[in-house]
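So the chains spell out like this:
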Amino acid sequence: MTVTEDARTETVGPRTGGAVAAGSMALGTAARELQLKRGEFVIAVHLGLIVLTRPRDGGRPRVGCGEVERLRMQEGFPDTLRARVRTVGTAQGARQLGISPDRFTRLARAGCFTPIAFYLNRYRAVVWLYLADEIADFAVREPRLLTGRSPAWLIERLAGGADCRARNWRSRRVERLYSLTEDPWARAAVLAETLDPVQLAEVVDDPYERAHLAGLRPEPAFGPSGPPWAREAMAHLMRADEPDEMLWRRVTLLMELDDARDARPAPRPDGAWRDLTRRDPEAGSTCEQDTRADADADADADADAPPAVDAAVGSGATSHQEAGRSAADAVEPPAGLLARIGLRRRPYGAGARRSARSRRASARG
């Protein structure tokens, strides 16, 4: 199962009789028209070579007929298109560079080039794939790393047990998805996918916000595929696994959440409170926690996906909700990891949002 995740989508008009009104075709049909294998097609989408369209009222992504025609009219079709998405594994990449597979693996582990995709072999081991064009560029850019003794920095990095392949793949994916949308909730959803449920709950302590982020997580272009264990392995690779990477993702998620909350609140069921199991040390009062969304908030979603750009907007706040938010502003929740190191900005009620905006305006001034 080859795994790539990113896709660029554009929303189009309503569907008519199960097909998008503006001429388009299913992804499988588009792949055949472009003479691409399924894995090659997904990589082309990942690289932004193919733009998908998504109906406004939902449904699977499709490819516009004009987009297919544009690609078919390019010079050298289909060879030039297939060359741009061609991938190589360790053995093929080593032959392309004229080095041993062992040296190729060491260079990849040290972060000299970044995987574009991976698949799980019959032993359920991860096999990384690289763009052939990027391997060729590396040979031109760094010929000294292909012959002779490895430099000291590379030897030292590998001696410390470094393996940058998964981390570089995650970074590439996040950067690609970031480039596809300006919606702050969609951007926060991309980052939320890089944290495990425990860390995510520490950063996003509102269960309705977590549920909203889960609903905006990227979706597979061709839909969920592969056995459950393969999807679990992919979800595991999506999560940051080094302390500095985890801290960076948490801090960046907090910044995106500030912008998202300023733009609009996460949708909530009518009359729902935010999570308020907090005790006021002066008044001695306790607010009850509403846990109705907890069952859905931390549901795992496939990482093999394009971004869901259109975020739902909740209905207007009722007086009950306003009371909940006022109580949230008045109560200071327990400090977590980021609070202890001075990077956790809480609470996040209306007063806190106004203070955050004032601080950012002062910093820019």
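Preceding this paragraph is the structure being described.
Residues numbered from 1 in each chain as written. Predicted model: local features only at pLDDT ≥ 70, side-chain atom pairs only at ≥ 80, totals over all residues. Heavy atoms only, no water.

1. Some details on the pattern of salt bridges
Here's step 1: For the structure on display, the rule yields 17 salt bridges.
Here's step 2: D102 is paired through a salt bridge with R106; the nearest N and O atoms lie 2.4 Å apart. Placement of the pair is D102 and R106 together in helix α6 (residues 101-109), with a separation of four residues, close to one helical turn.
Here's step 3: Judged by its relative accessible area of 27%, R106 falls in the partly exposed class.
Here's step 4: The salt bridge involving D206 is made with R268; its shortest N-O contact spans 2.4 Å. With D206 in the loop between α11 (197-203) and α12 (207-215) and R268 in the loop between α14 (243-263) and α15 (294-297), the pair connects residues that are 62 residues apart, well separated along the chain. Both residues of the pair, D206 and R268, count as buried.
Here's step 5: Each of the salt bridges in this network shares a partner with another, and the network as a whole consists of R109, D163 and R165. (Salt bridge = Lys/Arg side-chain N within 4 Å of Asp/Glu carboxyl O. Helix = DSSP H or I, 4+ residues; strand = E, 2+ residues; numbered from the N terminus. Buried < 20%, exposed > 50% of the residue type's maximum accessible area, 1.4 Å probe, protein only.)

2. Brief notes about the nonpolar core
Here's step 1: Counting residues in hydrophobic clusters, the biggest one holds 26 residues, and the most contacted among them are L97, F104, L107, C112, F113, Y130 and F138.
Here's step 2: Within the residue set of this core, elements represented by two or more residues are α5 (90-97), α6, β8 (117-120), β9 (126-131), α7 (132-141), α9 (165-178) and α13 (228-238).
Here's step 3: Looking at which element gives the most residues to this core, the answer is α13, with four residues.
Here's step 4: In this structure, L27, V45, V63 and L71 belong to the second largest nonpolar core, which totals 22 residues. (Core = buried A, V, L, I, M, F, W, Y, C linked by side-chain atoms within 4.5 Å.)

3. A few points about the packing of aromatic side chains
Here's step 1: Evaluated as defined, the whole model comprises seven aromatic pairs.
Here's step 2: Centroid distance F113 to F138: 5.1 Å. Interplanar angle 85°. Geometry classified as edge-to-face. With a gap of 25 residues between them, F113 in the loop between α6 and β8 and F138 in helix α7 connect regions that are remote in the sequence.
Here's step 3: Ring geometry for F118 versus W169: centroids 5.3 Å apart, planes at 80°, classification edge-to-face. (Phe/Tyr/Trp six-rings, centres within 6.5 Å; stacked < 30°, edge-to-face > 60°.)

4. Considering the environment of G98
Here's step 1: Its location among the elements puts G98 in the loop between α5 and α6.
Here's step 2: Take G98: its relative accessible area is 66%, and that puts it in the exposed class.
Here's step 3: With 49 residues separating them along the chain, G98 and T147 place their C-alpha atoms 9.3 Å apart.

5. Here we look at the packing of helix α10 (residues 184-192) against α12
Here's step 1: Put simply, α10 and α12 touch, their axes get as near as 8 Å, and they point 90° apart. By the angle between their axes, α10 is roughly perpendicular relative to α12. Touching W185, A188, A189 and A192 of α10 are E209, H212 and L213, all from α12.
Here's step 2: Class assignment of the residues belonging to the contact of α10 with α12 gives a composition of five nonpolar, one polar and one charged. (Axes fitted to C-alpha atoms, helices over the stretch in contact; angles between N-to-C directions. Parallel < 35°, antiparallel > 145°, perpendicular 65-115°, else oblique. Contact = heavy atoms within 4.5 Å. Nonpolar A, V, L, I, M, F, W, Y, C, P; charged D, E, K, R; others polar.)

The values are spatial; any link to function lies outside them.
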